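# Summary of the model geometry
Spelled out, the chains give:
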Amino acid sequence: MQKYIFNGLLILLQLGMHNTSFSKITGAVLPAPISISSISPAIPVLKGVAANPIVRIIISVPEGNAMQQFRKIRCSINAAALKDLQKLDIYQTGAEPFSANQLLTSIHPATGSFDIPVTLNLMPGQYFIWLSAVLKNTALLNQTIELHANAVINEGGKIFPVNQGNSNYVKRTGVAIRKAGDDGVNGFRIPGIVSTNRGTLIAVYDIRYNNSGDLPGNIDVGMSRSTDGGNTWEPMKVIMDMGAPHENNGIGDPAILFDPITKKLWVAALWSKGNHSIAGSLPGLSPDSTGQFVVTSSSDDGLSWSAPDNITAQVKNPAWRIFFQGPGTGIAMQDGKLVFAAQYWNESKIPFSTFIYSNDHGGTWNGKINGPKSNTTESQIVETTPGTLQLNMRDNRGGFRSVSTTNNMGITWTEHSTSYTALPDPVCMGSLIKAKIKTGGRLKEVLFFSNPNTGSGRYNITIKASLDMGQTWLPAHQLLIDERLCFGYSSLTKVNDDTIGILYEGTKDVYFVTVPINEIIK
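Below you will find a few notes about this structure.

Attention shifts here to the overall build of the chain. When you go through the chain residue by residue, the secondary structure sums to four helices and 37 strands. Dimensions of the chain along its principal axes, counting C-alpha atoms only, are 105 × 50 × 45 Å. For the chain, buried positions account for 55% of its 522 residues. Put simply, the chain shows about 21000 Å² of open surface, and 53% of that area lies on carbon and sulfur atoms. Seen as two clouds, the 43 positive and the 39 negative side-chain charges of the chain have centres 6 Å apart.

What follows is the structure in structure tokens.
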């Protein structure tokens, strides 16, 4: 009789019915199986950063299982990445998000396939293991790193495959130009970037010495310069400093443009002498009553910069409470005019996006231009066709960007067909540039836009392209750069005919990433 019972149970097991029929016959309840999966967040791998957590392994040990003793993580990485990789760090975290507090081990892979030795004694529960890449300082931009965790192996040699899901495990490389703590600075914000005729990249940003708060405060404008496409950057220079006292005498929110005719660089910024940024500014023109519109310039490809020049009286309507630049990037029009996007807060404290321009390559500046839409602030501007300007605006109503055009330098405005419908925005600064790039084997003028691609919340930094001067922004022509929570500001520039560069904020850090255009326009 025992033989027949045994044979019957064996048949049930062979039929894969042991979780139901076997338990009914014997009264035993088998624990759920252990599951191991991974995801790879959409982030770049940045050199100069101590942790780039690019693969998260989730180990789930259901109740009823004994303690699991895992001793190896079996991984693979693309061979080309080995030369750029300094090390892999392996962290364990008890909960999300990633934290660099619990380092398990570090490894220097020598081949494309390798095992990471670990000691993981896991009772029932859920555990998160992170693989974090650290790049060598010699790593080049526009390279890729593809790291996979393929299996986890226990003390007895049993192999548990990792379910890798649908994540994109291919990561592009980038660089942290400025990080919180560099040179004793609390943090860096408000990026702007341009490329010069020599191919030099000029990046500007706020140096926020004491905290991450806006003006007024101890803030100067910093500049970083790269002559090799962003792979390396010269030491930071302070290019706008309004002198002592430094506290509550700050200057910031920079915008930058390059004049292709004179080969001159221009940077515009807001000076707050005392509490005269947005909240404390009053009507008038004096630094003692209102924020000041200040510019500086460089005639030697960013090596040296002029003393700050206050142009407030030229551009501000005295009735307005404050008037200042974009921030981000200005433009040179086809007829030679230089243009900075701007904003003013009128006598009723209502903000409007607008712009200023120069007819004489920065010798004098024209402002006092009424904006197209109330309750709009930080904006960017492009010339879509000769003489037609498109103003892309942060809208305090939230949800989307607002867009208007003018063909007579702001005397009249027309609301664009995509206004407040096409470009989601969480009430944040965004970047807009026009670039002649190579697509489909020929040069074509394309609009590129970047921002946190959400209607609420600053995350998912994304680059989008419009092939019809902003009439449409198709989902096929966009690329997620960084999914993490961040301060959200960004600035775009053309690096070459095949590449777009993006300078964007992390949290108190400023990152630069280059992206092949064929990844955005597929």
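The next thing to look at is the sheet that holds strand β25 (residues 376–385). Strand pairing in a sheet is mediated by backbone hydrogen bonds. Such pairs are either parallel or antiparallel. Taken in spatial order, the four strands make up an open sheet running β25-β26-β28-β29, and their pairing is antiparallel. Only two strands of the sheet have a single partner each, and these edge strands are β25 and β29 (414–415).

This part covers the pairing of strand β36 (residues 499–505). Along β36, seven of the seven residues are buried, which leaves the element largely enclosed by surrounding structure. Side chains Thr-499, Gly-501, Leu-503 and Glu-505 project from β36 onto one buried face, and the interleaved Ile-500, Ile-502 and Tyr-504 project onto a second face that is buried too. Pairing of strand β35 (residues 490–496) with β36 involves six bridges; the strand directions are antiparallel. Looking across to β36, one finds that Ser-491 is bridged to Leu-503. Where β35 folds back on β36, the antiparallel hairpin that results is connected by two residues. Taking the residues between adjacent antiparallel strands as the criterion, β36 and strand β37 (residues 510–516) are bridged by four residues, where Lys-508 takes a positive phi near 75°.

This next bit is on the nonpolar core. Ile-36, Ile-57, Ile-59, Phe-70, Ile-116 and Leu-131 are the most contacted members of the largest nonpolar core, which totals 37 residues. Sorting the residues of this core by element identifies β3 (53–61), β4 (68–77), β5 (85–93), β7 (113–122), β8 (125–135) and β9 (144–154) as the ones contributing at least two each. With 24 residues, the next largest nonpolar core counts Leu-46, Leu-479, Tyr-504 and Ile-520 among its residues.

Further remarks concern the pairing of β25. With nine of ten residues buried, β25 is to be regarded as a mostly interior element. Sheet analysis places β25 next to strand β26 (residues 388–395), joined by seven bridges and oriented antiparallel. Bridge assignment links Thr-376 to a residue of β26, and that residue is Asp-395. Once β25 ends, the chain turns through two residues before running back antiparallel as β26, passing Gly-387 with a positive phi of about 90°.

With an omega of 0°, the peptide bond running from Leu-215 to Pro-216 counts as cis. Counting through the fold element by element, Pro-216 comes out in the loop between β13 (201–208) and β14 (219–226). With a phi angle near 55°, Asp-253 is a residue other than glycine that sits in the positive phi range.

Let us now look at the side chain of Thr-296. Relative to the helices and strands, Thr-296 is located in strand β18 (residues 292–298). Here Thr-296 falls in the buried class, since its relative accessible area comes to 1%. Within the structure, the side chain of Thr-296 is placed 2.7 Å from the backbone oxygen of Ser-306, a separation counted as a polar contact.

Criteria and thresholds
- Residues numbered from 1 in each chain as written.
- Predicted model: local features only at pLDDT ≥ 70, side-chain atom pairs only at ≥ 80, totals over all residues.
- Heavy atoms only, no water.
- Helix = DSSP H or I, 4+ residues; strand = E, 2+ residues; numbered from the N terminus.
- Buried < 20%, exposed > 50% of the residue type's maximum accessible area, 1.4 Å probe, protein only.
- Areas by Shrake-Rupley, 256 points an atom, 1.4 Å probe, with all protein chains shown as cover.
- Lys, Arg positive; Asp, Glu negative; His and termini not counted.
- Charge placed at Lys NZ, Arg CZ, Asp CG, Glu CD.
- Pairing = 2+ DSSP bridges.
- Core = buried A, V, L, I, M, F, W, Y, C linked by side-chain atoms within 4.5 Å.
- Polar contact = N/O pair within 3.5 Å; in protein donor to acceptor, adjacent residues only side chain to side chain.

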